[in-house]
Amino acid sequence: MIPYISLFSNSLVLVLLAWYIGVQLRKILQKTTRFENRVFLVLFGILHLSVSLVFGLTLDRLPNVLDPHDFFNAALYADSWLQLFDFGHGFLSFFIYPLVQAKVSMTVLFLLFATISFKGFLIYFEMIKLDSVRKRSYPLLLFFMLPSIHIWTGMLGKEALLFLWMALLLKKISNRTYDWKMIVLFLLIFFLRPHVFFVLLVVLFVLILRDEKNSKQLKAFAIWATAFSFLVLFPLGALFFTDLDRFSLDSLLAYKEHFVNYTASLGGNTAISLKETTFFSRILYLLFMPLPFLSAIKSPIHWISAVENCYYIVVFIWVSVTLLRKRLSFKKLNREVQFALVSGSLLLFLFASYLYNLGLGNRMRLMFLPYLFFAAFRILDTFYSEQLPAQMEKRKLD
């Protein structure tokens, strides 16, 4: 009987996923008029789902990738659904529990999470106005084709969910939709990544208070919600993050000392000691390492990451030079661009503060690089839009 249940469950989920992907892809293709952008979207979809499928099928040959097995087994052997409700890993197992109990396979779950993140990508394409992206900005589109982006967002893991929820949050801020759905999004992010939740909350809180167009009621609610979060949710998040029994300044300082000593004792090519590195050096590690000829690269995955990091360096230099030449005015940026730029930067600093492994850093990037690339798209688009009238006027005079 069980094989038939498994066959039915997996077939049903696959049919629903295929239908959903088809509907979503058709919607964005109908809005896309340029042929090259249509081709890009189709190739992107094929790449994203293919990477997820191959990853799921070959998972048993990757002994170092343990998280998907941990999530799956926790949901499979749990005595009850509510037993799994917790922060982080527990929340992910709680999320997939009904499907695992319905005998949905690991590979199909990979495709489910790839579909979840696929929707997040489509939201970013919509918000950068893909059909209006100028050819000068095309190098930024390569970000969405990088293999590691699809590896981490196409697997059974927290990255796919967080990727979608952060994209939805950015879209709501763009539309000024401060409703109960935004509160739900924040709570979901809190249960999955409490430290990310607080960074996003603080940035949004400041932007709401600074915006004169927002009502007094909205500002009052923002003050109340932020105060509640820090008084009630922050101690809970800190206990989860540090795995302490009680929340106090002494216990936090003791944990910090223990964690620093722990990172100093780690071995391997990807380990990073907090004692032997500075905050600035860890930012560089997080953004650009490993690099060819500068790091001990001993696996295909590390080589993929190293080549991608060369791309990140080129983009960083190009965007930085452009911003310096154009003299960016932060006040002139739209609220969603301000939110993405500040949130992405603060998350970068947060993760760099405790980065102790390059492999971990590669996954951390998914929590800030999409925001920074989105901001880069919109900022460069603004610059080029301002240049166009001046260029046309000059041509008329000539």
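Cut-offs used in this document
- Residues numbered from 1 in each chain as written.
- Predicted model: local features only at pLDDT ≥ 70, side-chain atom pairs only at ≥ 80, totals over all residues.
- Heavy atoms only, no water.
- Axes fitted to C-alpha atoms, helices over the stretch in contact; angles between N-to-C directions.
- Helix = DSSP H or I, 4+ residues; strand = E, 2+ residues; numbered from the N terminus.
- Parallel < 35°, antiparallel > 145°, perpendicular 65-115°, else oblique.
- Left-handed = near helix turned anticlockwise from the far one by under 90°.
- Contact = heavy atoms within 4.5 Å.
- Nonpolar A, V, L, I, M, F, W, Y, C, P; charged D, E, K, R; others polar.
- Buried < 20%, exposed > 50% of the residue type's maximum accessible area, 1.4 Å probe, protein only.
- Salt bridge = Lys/Arg side-chain N within 4 Å of Asp/Glu carboxyl O.
- Core = buried A, V, L, I, M, F, W, Y, C linked by side-chain atoms within 4.5 Å.
- pLDDT = per-residue confidence, 0-100.
- Polar contact = N/O pair within 3.5 Å; in protein donor to acceptor, adjacent residues only side chain to side chain.
- Patch = residues over 30% accessible without salt bridge, like charges linked within 9 Å, V, L, I, M, F, W, Y side chains within 5 Å.
- Areas by Shrake-Rupley, 256 points an atom, 1.4 Å probe, with all protein chains shown as cover.
- Expected span 1.5 Å × (residues − 1).

Would you mind showing me how to read the packing of helix H2 (residues 35-57) against helix H5 (residues 106-127) here?
Packed helix pairs are specified by the crossing angle of their axes together with the interaxial distance, meaning the distance between the axes. Look at H2 against H5: their axes get within 9 Å of each other, and the N-to-C directions meet at 155°. Here H2 is positioned roughly antiparallel relative to H5, judged by the angle of their axes. H5 is crossed by H2, and the crossing has right-handed handedness. For the pair H2 and H5, contact is made by Phe40, Leu41, Phe44, Gly45, His48, Leu49, Ser52, Leu53, Phe55, Gly56 and Leu57 and by Thr107, Phe110, Leu111, Ala114, Ser117, Phe118, Phe121 and Phe125, respectively. Residue classes in the contact of H2 with H5 are distributed as 13 nonpolar, 6 polar and no charged.

Quick question: what am I supposed to make of the packing of helix H4 (residues 89-101) against helix H8 (residues 158-175) here?
Where H4 meets H8, the closest approach of the two axes is 10 Å, and the angle between their N-to-C directions is 85°. Between H4 and H8, the interaxial angle falls into the category roughly perpendicular. Of the residues in H8, those touching H4 at His89, Phe91, Leu92 and Phe95 are Lys158, Leu161 and Trp165. For the contact of H4 with H8, the per-class residue count stands at 5 nonpolar, 1 polar and 1 charged.

Sorry, what's going on with the environment of Ile116 here?
By the secondary structure assignment, Ile116 is in helix H5. Accessibility expressed as a relative area gives 15% for Ile116, which makes it buried. Those residues in contact with Ile116 that lie beyond four places of it in its chain are Phe95, Ala160, Leu161 and Leu164.

What am I meant to see in the pattern of salt bridges here?
It is possible for side chains bearing opposite charge to pair when their charged atoms get close. This structure, assessed with the given rule, holds 8 salt bridges. In this structure, Glu126 and Lys171 form a salt bridge, with 3.5 Å as the shortest nitrogen-oxygen distance. In this pair, Glu126 is assigned in helix H5 and Lys171 in helix H8, connecting sequence segments 45 residues apart. For Lys171, a relative accessible area of 26% corresponds to the partly exposed category. The partner of Arg176 in a salt bridge is Asp211, and the shortest N-O contact between them spans 2.8 Å. Highlighted residues: Arg176 in the loop between H8 and helix H9 (180-192) and Asp211 in the loop between helix H10 (194-210) and helix H11 (216-242), separated in sequence by 35 residues. A relative accessible area of 27% places Arg176 in the partly exposed class. Here the residues in one salt-bridge network are Asp67, Glu159, Arg193 and Arg363, joined through shared partners.

Hey, could you run me through the nonpolar core in this one?
A general trend in soluble globular proteins is that nonpolar side chains are found buried together. Counting 118 residues, the largest nonpolar core has Phe125, Phe144, Leu156, Leu169, Leu200 and Phe339 as its most contacted members. Residue contributions to this core peak at 15 residues, all from H5. Among residues more than four places away in sequence, those in contact with Leu200 are Met166, Leu169, Phe186, Ile189, Phe339, Ser343, Leu347 and Tyr371.

Explain unusual backbone geometry here, please?
Excluding glycine, residues mostly have negative phi values, and the peptide bonds linking residues are mostly trans. Along the chain, Met289 connects to Pro290 via a cis peptide bond; the corresponding omega equals 5°. Checked against the element boundaries, Pro290 lands in the loop between helix H13 (279-288) and helix H14 (300-326). Notably, Lys129 is not glycine yet its phi reads approximately 55°, a positive angle. Its place among the elements puts Lys129 in the loop between H5 and helix H6 (138-141).

For this particular structure, what's the right way to read the confidence of the model for the protein?
Low pLDDT marks regions whose predicted coordinates should not be analysed in detail. Of all residues in the protein, 88% attain a pLDDT of 70 or more, and the chain-wide mean is 86. Per-residue pLDDT, averaged within each element of the protein, yields its smallest value for helix H12 (residues 249-264) (68) and its largest for H5 (95). Ignoring residues within four places in sequence, the model shows residues 388-398, a span with pLDDT below 50, making 2 contacts including any to other chains.

I keep staring at the side chain of Arg378 and nothing clicks. Help me out?
In this structure, Arg378 sits in helix H17 (residues 369-397). Only 3.2 Å separates the side chain of Arg378 from the backbone oxygen of Met127, close enough to count as a polar contact. A polar side-chain atom of Arg378 sits 2.8 Å from a polar atom in the side chain of Glu336. In this structure, Arg378 is in contact with Met127, Ile128, Asn334, Glu336 and Val337, ignoring residues within four places of it in sequence.

Where do I start with a nonpolar patch on the surface in this structure?
Together, Ile183, Leu187, Phe221, Trp224, Phe228, Leu231, Val232 and Leu236 make up an exposed nonpolar region whose accessible area comes to about 780 Å². Elements supplying a minimum of two residues to the nonpolar patch: H9 and H11. Considering each element in turn, the nonpolar patch owes the most residues, 6 residues, to H11. Considering the arrangement of structural elements, one finds Ile183 in helix H9. With relative accessibility at 38%, the residue Ile183 sits in the partly exposed group.

Before we go on, may I ask you to explain H2 in this structure?
Residues separated by three or four positions in an α-helix point in the same direction, a consequence of the helix having 3.6 residues per turn. Counted at 1.5 Å a residue, the expected span for H2 with its 23 residues is 33 Å, and the 33 Å between its end C-alpha atoms agrees. Looking only at H2, the buried set comprises Asn37, Phe40, Leu41, Phe44, Gly45, His48, Val51, Ser52, Phe55 and Gly56.

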